[in-house]
Amino acid sequence: QVRLVESGGGLVQAGGSLRLSCAASGRASSCYTIAWFRQAPGKEREFVSGIKASNDYTAYADSVKGRFTITRDNAKSTVYLQMNSLKPEDTAVYYCAARPQTIALRYDVDSYNYWGQGTQVTVSS
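All of these numbers come straight from a predicted model, not from anything done at the bench.

Draft legend 1. Inspection of the sheet that holds strand β1 (residues 2–7) at higher detail. The strand order across the open sheet formed by 4 strands is β1-β3-β8-β7, and the pairing between neighbours is antiparallel. Bordering the open sheet on either side are β1 and β7 (68–73), each of which pairs with just one other strand. Between one strand axis and the next, the sheet turns by 15° as a mean value, whatever way the strands run. Note: β7 against strand β8 (residues 78–83), 6 bridges, orientation antiparallel. Bridge pairing links Thr71 to Tyr80 in β8.

Below, the structure is given as structure tokens:
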């Protein structure tokens, strides 16, 4: 069992920055791939970024490439999502999710076993 707790969301103006944190606890949580997803009102949950447990591979959705950076501190069992140059279309509830690491980093919601409660990010224009 892995427990995930997100923090760092809030209200920011367009062009601003936020850093989200995902603290993982539980057995062997450092061995799990962690991903960030987001869900805007009326839309499906979508992949934003992911990082493998081995810390040697990251992935980003095209919509956030060059603006968001995912990092991982296994000593603290925490994954961070640094979000720069935020746009109103980034407004959503952001969730972190975990799954046992596999060769390929998965991008689909159904592949992830554990989810946090979500944190709201609102970007005003």
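So, next bit.
Draft legend 2. Local environment of the pattern of salt bridges. A full pass over the atoms with the stated rule returns 5 salt bridges. Close ionic contact of Glu46 with Arg38 constitutes a salt bridge, the shortest N to O distance being 2.7 Å. Taking the relative accessible area as the measure of exposure, Arg38 reaches 7% and is therefore buried. We note a salt bridge from Arg67 to Asp90, for which the minimum N-O separation is 2.8 Å. Placement of Arg67 in the loop between β6 (58–60) and β7 and of Asp90 in the loop between β8 and β9 (92–100) is noted, with a sequence separation of 23 residues between them. With relative accessibility at 10%, the residue Arg67 sits in the buried group.

Rules behind the numbers
Residues numbered from 1 in each chain as written. Predicted model: local features only at pLDDT ≥ 70, side-chain atom pairs only at ≥ 80, totals over all residues. Heavy atoms only, no water. Pairing = 2+ DSSP bridges. Helix = DSSP H or I, 4+ residues; strand = E, 2+ residues; numbered from the N terminus. Axes fitted to C-alpha atoms, helices over the stretch in contact; angles between N-to-C directions. Salt bridge = Lys/Arg side-chain N within 4 Å of Asp/Glu carboxyl O. Buried < 20%, exposed > 50% of the residue type's maximum accessible area, 1.4 Å probe, protein only.

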